[in-house]
Amino acid sequence: MMETKAPVSSAVHYDSKEVELRLLAFWDKERVYKFDPEQKGEIYSIDTPPPTVSGRMHIGHAFSYAQQDIIARYKRLRGFNVFYPWGTDDNGLPTERLVEKLKNVKGSKMDRQAFIALCEQTRKELLPDFIADWKRIGVSCDFSMSYSTIDANCRRISQWSLIDLNKKGRFYRKNAPALWCPLCETGISQMECQDAEKPSTFNDIVFKVDGMELIIATTRPELLPACVAIFAHPNDDRYKKLIGKKAVVPLFNHEVQIYADGRVDPSKGSGIVMCCTFGDQTDMQWYLAFNLPLKEAIAKNGKLTALAGKYQGLSVHDARKAMLADLKSAGLLRHQKPIQHPVKVHERCQTEIEIIQSKQWFIKYLDLKEKMIEWGSELRWHPDFMVHRYNNWVNGLQWDWLVSRQRFFGVPMPVWYCKKCDEAVLADEKNLPVDPLIDQPPIKKCKCGSTEFVPEKDILDTWVTSSMTPKLAAELLPAKYRSKVFPMSLRPQAHEIISFWLFNTLFKSEIHFNSVPWRDVALSGYVTDPQGEKMSKSKGNIVAPETVLAKYSADALRYWAGGSKLGEDIAYQEKELVAGDRFVKKLWNVAKFIAPQIESFDSKGKVSEVLDFWILSRLAQTISAAAEAFDHYEYSKARMVIDQFFWRDFCDNYVELVKNRAYEGSAAEKLSCQVALLACLSAVVRLMAPFTPFICEEVYQLYLKSREGVKSVHLSGWPVAPKVDESAEKVGEVVLAVLAAVRKKKSEAKVSMKVPLKRLVIECSVDISAALDDLKATVNAERVEIGKASEEVVPGVKVTAEF
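What counts, and where the lines are drawn
- Residues numbered from 1 in each chain as written.
- Predicted model: local features only at pLDDT ≥ 70, side-chain atom pairs only at ≥ 80, totals over all residues.
- Heavy atoms only, no water.
- Helix = DSSP H or I, 4+ residues; strand = E, 2+ residues; numbered from the N terminus.
- Buried < 20%, exposed > 50% of the residue type's maximum accessible area, 1.4 Å probe, protein only.
- Contact = heavy atoms within 4.5 Å.
- Areas by Shrake-Rupley, 256 points an atom, 1.4 Å probe, with all protein chains shown as cover.
- Lys, Arg positive; Asp, Glu negative; His and termini not counted.
- Charge placed at Lys NZ, Arg CZ, Asp CG, Glu CD.
- Salt bridge = Lys/Arg side-chain N within 4 Å of Asp/Glu carboxyl O.
- 1 Å grid on protein atoms, 1.4 Å probe; cavity = no way out; pocket = protein on both sides within 12 Å on 5 of 7 lines; lining within 4 Å.
- Points joined across faces, edges and corners; volume = space filled by probe spheres on them.
- Nonpolar A, V, L, I, M, F, W, Y, C, P; charged D, E, K, R; others polar.
- Pairing = 2+ DSSP bridges.
- Axes fitted to C-alpha atoms, helices over the stretch in contact; angles between N-to-C directions.
- Parallel < 35°, antiparallel > 145°, perpendicular 65-115°, else oblique.
- Core = buried A, V, L, I, M, F, W, Y, C linked by side-chain atoms within 4.5 Å.
- Phe/Tyr/Trp six-rings, centres within 6.5 Å; stacked < 30°, edge-to-face > 60°.
- Expected span 1.5 Å × (residues − 1).

Q: Whenever I open this one, the overall build of the protein chain confuses me. Can you help?
A: If you tally the helices and strands in the protein chain, you get 23 helices and 29 strands. Each principal axis of the C-alpha atoms in the protein chain carries an extent, and together these give about 110 × 65 × 45 Å. Residue burial in the protein chain is summarised as follows: out of 803 residues, 57% are buried. Of the contacts formed within the protein chain by residues at least 6 apart in sequence, a portion of 77% connects residues at least 24 apart. Of the accessible surface of the protein chain, which amounts to about 34700 Å², a share of 50% is contributed by carbon and sulfur atoms. The distance from the centre of the 110 positive side-chain charges to the centre of the 103 negative ones in the protein chain is 2 Å.

Q: I keep staring at the pattern of salt bridges and nothing clicks. Help me out?
A: Pairs may arise between side chains of opposite charge once their charged atoms sit close together. In total, this model carries 48 salt bridges according to the counting rule given. Residue Arg123 pairs with Asp90 through a salt bridge whose shortest N-O separation is 2.9 Å. Of this pair, Arg123 sits in helix 4 (residues 112–136) while Asp90 sits in the loop between strand 3 (85–88) and helix 3 (93–103), and the two are 33 residues apart along the sequence. Residue Arg123 shares its accessibility class with Asp90, and that shared class is buried. Measuring nitrogen to oxygen at the nearest pair gives 3.9 Å for the salt bridge that ties Lys124 to Glu120. Of this pair, Lys124 and Glu120 are both found in helix 4, four residues apart, which corresponds to roughly one turn of the helix. The class of Lys124 is exposed, set by a relative accessible area of 54%. For Glu120, a relative accessible area of 21% puts it in the partly exposed group. Overlapping salt bridges, with partners in common, bring together Asp90, Glu120, Arg123 and Lys124 in one network.

Q: I tried to follow empty space enclosed by the protein on my own but got confused; where do I start?
A: Summary: where empty space remains is shown by rolling a probe the size of a single water molecule over the atoms. Scanning the entire structure with this criterion turns up four cavities of 30 Å³ or more. Computed from the structure, the largest cavity encloses a volume of approximately 120 Å³. As for the largest cavity, its lining consists of 13 residues, and the residues nearest its centre are Leu93, Glu192, Arg405, Asp461 and Thr462. Secondary structure elements with two or more residues in the lining of the largest cavity: helix 3 and strand 21 (459–460). Forming the boundary of the second largest cavity are Leu223, Thr277, Phe278, Leu294, Glu296, Ala297, Ile298, Glu354, Ile355, Ile356 and Gln357. For the lining of the second largest cavity, the class distribution of residues is seven nonpolar, two polar and two charged.

Q: What should I look at first to understand the sheet that holds strand 20 (residues 453–455) in this one?
A: Note on sheets: strands pair through backbone hydrogen bonds, and any given pair is parallel or antiparallel. The three strands are arranged 19-18-20 in an open sheet whose pairing can be described as antiparallel. The sheet is open, and its two borders are formed by strand 19 (424–426) and strand 20, each paired with just one other strand. Each adjacent strand pair in this sheet contributes to an overall mean axis angle of 35°, direction not counted. Sheet analysis places strand 18 (residues 415–418) next to strand 19, joined by three bridges and oriented antiparallel. For Tyr417, the partnering residue across the bridge sits in strand 19 and is Ala424.

Q: What is the right way to look at the packing of helix 18 (residues 635–664) against helix 22 (residues 726–748) in this model?
A: Relative orientation and spacing of two packed helices are given, respectively, by the angle between their axes and the distance between those axes. Viewed as axis vectors pointing N to C, helix 18 and helix 22 meet at an angle of 80°, and their least axial separation amounts to 11 Å. By the angle between their directions, the pair helix 18 and helix 22 is classed as roughly perpendicular. Residues Arg648, Asp649, Asp652, Asn653, Glu656 and Leu657 of helix 18 lie in contact with helix 22, whose contacting residues are Glu733, Val735, Leu736, Leu739 and Arg743. Class assignment for the residues of the contact of helix 18 with helix 22 results in four nonpolar, one polar and six charged.

Q: Would you mind going over the sheet that holds strand 28 (residues 791–794) with me for this structure?
A: Overall, mixed pairing links the four strands, which are arranged 27-26-29-28 in an open sheet. For this open sheet the edge positions go to strand 27 (784–786) and strand 28, each flanked by a neighbour on one side alone. Taken over all neighbouring pairs, the strand axes of this sheet differ in orientation by 30° on average, direction set aside. As paired strands, strand 28 and strand 29 (residues 797–802) are joined by three bridges and run antiparallel to one another. In the strand pairing of strand 29, Glu792 is matched with Lys798.

Q: Sorry, what's going on with unusual backbone geometry here?
A: Apart from glycine, the bulk of residues carry a negative phi angle, and the bulk of peptide bonds sit in the trans form. The residue after Leu432, namely Pro433, is reached through a cis peptide bond having omega 0°. For Pro433, the location among the structural elements is in the loop between strand 19 and strand 20. The omega torsion across Phe486 and Pro487 is -5°, close enough to zero to call that bond cis. Position of Pro487 among the secondary structure elements: in the loop between helix 12 (482–485) and strand 22 (488–494). Here Asn514, not a glycine, exhibits a phi torsion of approximately 55°, which is positive. Mapped onto the elements, Asn514 comes out in the loop between helix 13 (498–513) and strand 23 (518–524).

Q: I would appreciate a short explanation of the nonpolar core in the present structure.
A: One recurring pattern in soluble globular proteins is that nonpolar side chains are buried together. Ranked by internal contacts, the top residues of the largest apolar core, which has 134 residues, are Trp560, Leu587, Phe650 and Leu760. Among the elements that take part in this core, helix 18 stands out by supplying 14 residues, more than any other. Look past the residues within four positions of Leu587 in its chain and what remains in contact with it is Phe646, Leu681, Val684, Val685, Ile695, Cys696 and Val699. Counting 64 residues, the second-largest nonpolar core is a separate cluster that includes Ala427, Leu472, Ile511 and Val516.

Q: Would you explain the side chain of Asp236 in this entry?
A: As for its placement among the helices and strands, Asp236 is situated in the loop between strand 9 (227–232) and strand 10 (246–248). Here Asp236 falls in the buried class, since its relative accessible area comes to 7%. Excluding its chain neighbours within four sequence positions, the residues that come into contact with Asp236 are Pro266 and Gly271.

Q: When you look at the packing of aromatic side chains in this model, what are you seeing that I'm missing?
A: Geometry of an aromatic ring pair is reported as the spacing of the ring centres plus the angle between the planes. Summed over all chains, the structure comprises 40 aromatic pairs. Considering the side-chain rings of Tyr365 and Phe507, the 5.3 Å spacing of their centres and the 90° angle between planes classify their relative orientation as edge-to-face. Taken together, the residues Tyr365 in the loop between strand 14 (354–363) and helix 8 (369–377) and Phe507 in helix 13 connect sequence positions 142 residues apart. For the pair Tyr365 and Phe507, one class covers both residues: buried.

Q: What's the story with helix 2 (residues 59–77) in this structure? I'm lost.
A: What sets the pattern is the α-helix's 3.6 residues per turn: residues three or four places apart point alike. Under the 1.5 Å per step criterion, the end-to-end length of helix 2 is 27 Å for 19 residues, consistent within 8% with the ideal 27 Å. In terms of burial, helix 2 is a largely internal element, 19 of the 19 residues being buried. Within two residues after helix 2, Gly79 carries a phi angle of roughly 95°, on the positive side.

Q: I tried to follow the side chain of Arg618 on my own but got confused; where do I start?
A: Tracing the backbone shows Arg618 in helix 17 (residues 610–631). When its relative accessible area of 18% is taken as the criterion, Arg618 is described as buried. When residues no more than four places from it in sequence are discounted, the contact partners of Arg618 are Phe645, Asp649, Glu729 and Glu733.

Next comes the structure, spelled out in structure tokens:
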């Protein structure tokens, strides 16, 4: 295929909007980021996070995806064959919520198949603009290799995962207490819970034992109708005499037995607690350990049941308020203490979680905690302290993974049930993917003899699919290449979903394939507002990337993201974007200065001047330091050393020192300068291409491509470091110190650098005679002497500057 020349700008000023859109089209047309498994180079495979199709990109996306793309672009420059596919997470609750909002419908009120069709139609409508947001910030995925977590292959893999887990004895159905979101009306897993604090009260409520008062403190009086027992600590002398007796529950007047159990904290509240089905996990433990009756006071919609009598139909909070009022009227509420109550909320909607008895499907993994810690230790964590977050999550696990969801748009549970005996029948692997609401079960007759089957209506937790992304990505390739990309090289993701995505992917990979899914994990932080608050829609402090890109370049946004360490949360500060655009403009201007210098000269020429040796030596140090930082995923450190070279060494000093020679030097002096300028410009655009891909591509296309012959800077390779010259570096550092001293002197005198110095005296132990012509021209000194000087500017260097 003939290569298309990238159209380039002829404008004097850099127009980032025009350049970025033009280059996006060029990269796409030329397939610059296309993955070819037959291409030479070691494969570096990235388990790209599939963003949730639930609206437009937010600034946190832009931040974390820019960081992972910086790594991908660096690896490509280093000669790796980068497998960097694209995917979208577009099934489950977030998509349902978006469709309900956009189409003004309620899924629960629609025909199920009609709602699923509406979700699929809406997803397709949104996808092109959604993907364009990621392309707009320069994400260099191969977008021709992409998956959707609701496409047929992803449904097949997700359902295969459950069938394989079932074969391994890790997939089971149970009628048991489960975490439940009353707003979403679905069971959820522990990983979908968040800790929150809500204002509440500790309420001292009067129970009666043999006519005597027993004070029990509770934050949840609405659970009184579901009270099934009372517990005290066996060593608590206050209550030993009550063990075995029965207490009367206020308002509802049923009797419950008082038990002793070591799980009671005698120092909390009144030191004796009511057990309700279910207020928390301890209630569940007591329910199972003491074979207590089940009383359900809260329905799946979050309203109180008939068990609550006159409170039936009230919401939890309204029932709480009403019961407290009635307790107070009856003289059964003795004291209230305001508190901040720690609660669990659903991370999707922030609704307080209930524990409700229901029949659900689970993946068994609580028995594997020791193995999970071992698996985590096999990964290389960046930053390394993040492994502790993983370990803390594993050690804190209390539930198996609840994976069935009472929702509509998602991967169907591949299960039918015998109508007579309720035996579960799983799909046959060769028929996947299946939808039990449409497809028939793989058997005609149950073991019990019945021929009637009921389809499962539930769908899978979306993380069941997302935890298979390494396999979803690998299966984008022909079968013979899949082993080349798995285990994958890198999982980049946000640190806040270690417990969601990383943990479950690691678990699934070890169980299914007996292998870690990747070798390295790179964990980004999240973006806060300037006051340090995490950005969220509910707080109204979201900054939209399109707003940022209307004012600043995409390179500026990436430059900002590249300045943050992995795992580090960062405040959104416009000054960082200003710094990014300042870099873009400086590179453009310095390239325009260099362009005529390197337009026509002997490319085989050699450096002969000491300051040219100095800048090339500094460049060599920078290339090596940047590569070492990048290889340890310390891209912010890489950017820092490149910035220091570009601003301090190259632009602020070297370019100024050689300007006169570039225009007025001898042929040999000019040639030396031209060789150094070309080497520096060529290296800088490669060094900064991972951070600022647009300006670097534009400069490359304008001034370097014709010499180097590669169609894109992003395929041109990492710069080769020149020779380090320690003696030239010593000369350069002295010259910089002298130049800084003269600049300071002229600044204090409030005169331009063009104002001549009558006399400049330099005293130092380094022989800088070979650099004096460049220095003299730069500071505009009529006479430069090496001799006794008056003011020490750096250790070992003294300067006298006379006007």
